[in-house]
Amino acid sequence: MLASLFIGGFVNGLIGIGFALFAVNFLAAALGVREGVIVMSILAPFPSGYQLWRTRDHWRTWTRLRSLLAGGIAGSGLGAWPLVILPAWAIQLGLGLFT
């Protein structure tokens, strides 16, 4: 499980994305779907925040991405709702189809 997190971090550092996409599948297999997604939701902001901090000199260009940030926040809130109401098999199917 830790190896998947380290490999996900490596992929994220290498290409800039992919930590959550890579590691969530292994966490879901090891912990269960709901728990894996919840753990990933807690862990994912840390590498993204570090990446944002490292590129802080370019924040002037980030102002163009405000709508993307707003959409991400709204999507996170809306994405949590199906996690609560859907059965585990439906979440597993969605996780398999989209990652």
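Residues numbered from 1 in each chain as written. Predicted model: local features only at pLDDT ≥ 70, side-chain atom pairs only at ≥ 80, totals over all residues. Heavy atoms only, no water.

### A closer look at the packing of helix α3 (residues 33-43) against helix α6 (residues 66-85)
Between α3 and α6, the shortest axis-to-axis distance is 10 Å and the interhelical angle comes to 155°. As the angle between them shows, α3 and α6 are arranged roughly antiparallel. Of the two elements, α3 crosses α6, and the hand of that crossing is left-handed. Of the residues in α6, those in contact with Arg34, Val37 and Ile38 of α3 are Leu83, Val84 and Ile85. In the contact of α3 with α6, the residues fall into five nonpolar, no polar and one charged. (Axes fitted to C-alpha atoms, helices over the stretch in contact; angles between N-to-C directions. Helix = DSSP H or I, 4+ residues; strand = E, 2+ residues; numbered from the N terminus. Parallel < 35°, antiparallel > 145°, perpendicular 65-115°, else oblique. Left-handed = near helix turned anticlockwise from the far one by under 90°. Contact = heavy atoms within 4.5 Å. Nonpolar A, V, L, I, M, F, W, Y, C, P; charged D, E, K, R; others polar.)

### Here we look at the layout of surface pockets
The volume enclosed by the largest pocket comes to roughly 1500 Å³. For the largest pocket, the lining is made up of 41 residues, of which Ala20, Ala44, Ser48, Gly72 and Ser76 are closest to its centre. Going through the elements one at a time, α2 (19-31), α3, α4 (45-54), α5 (59-62), α6 and α7 (88-98) are the ones with two or more residues in the lining of the largest pocket. A per-element tally of the lining of the largest pocket places α6 first, with 11 residues. In terms of residue class, the lining of the largest pocket is built from 25 nonpolar, 15 polar and one charged. (1 Å grid on protein atoms, 1.4 Å probe; cavity = no way out; pocket = protein on both sides within 12 Å on 5 of 7 lines; lining within 4 Å. Points joined across faces, edges and corners; volume = space filled by probe spheres on them.)

### Overview of the environment of Ile73
Tracing the sequence through the fold places Ile73 in helix α6. Considered as a pair, Ile73 and Phe19 are 54 residues apart in the sequence and their alpha carbons are 18 Å apart.

### Quick notes on the confidence of the model for the chain
A residue-level look at the chain finds 100% of positions with pLDDT of 70 or above and a mean pLDDT of 82. Between the elements of the chain, mean pLDDT differs from a low of 73, seen in α5, to a high of 85, seen in α3. (pLDDT = per-residue confidence, 0-100.)

### Some remarks on the nonpolar core
Ranked by size, the top nonpolar core spans nine residues in total: Leu5, Phe19, Ala23, Val24, Leu27, Ala28, Met40, Ala44 and Leu95. Per element, the largest residue contribution to this core is five residues, and it comes from α2. The contacts of Phe19, once residues within four sequence positions are left out, are Leu5, Gly8, Gly9, Asn12, Met40, Leu43, Ala44 and Pro47. (Core = buried A, V, L, I, M, F, W, Y, C linked by side-chain atoms within 4.5 Å. Buried < 20%, exposed > 50% of the residue type's maximum accessible area, 1.4 Å probe, protein only.)

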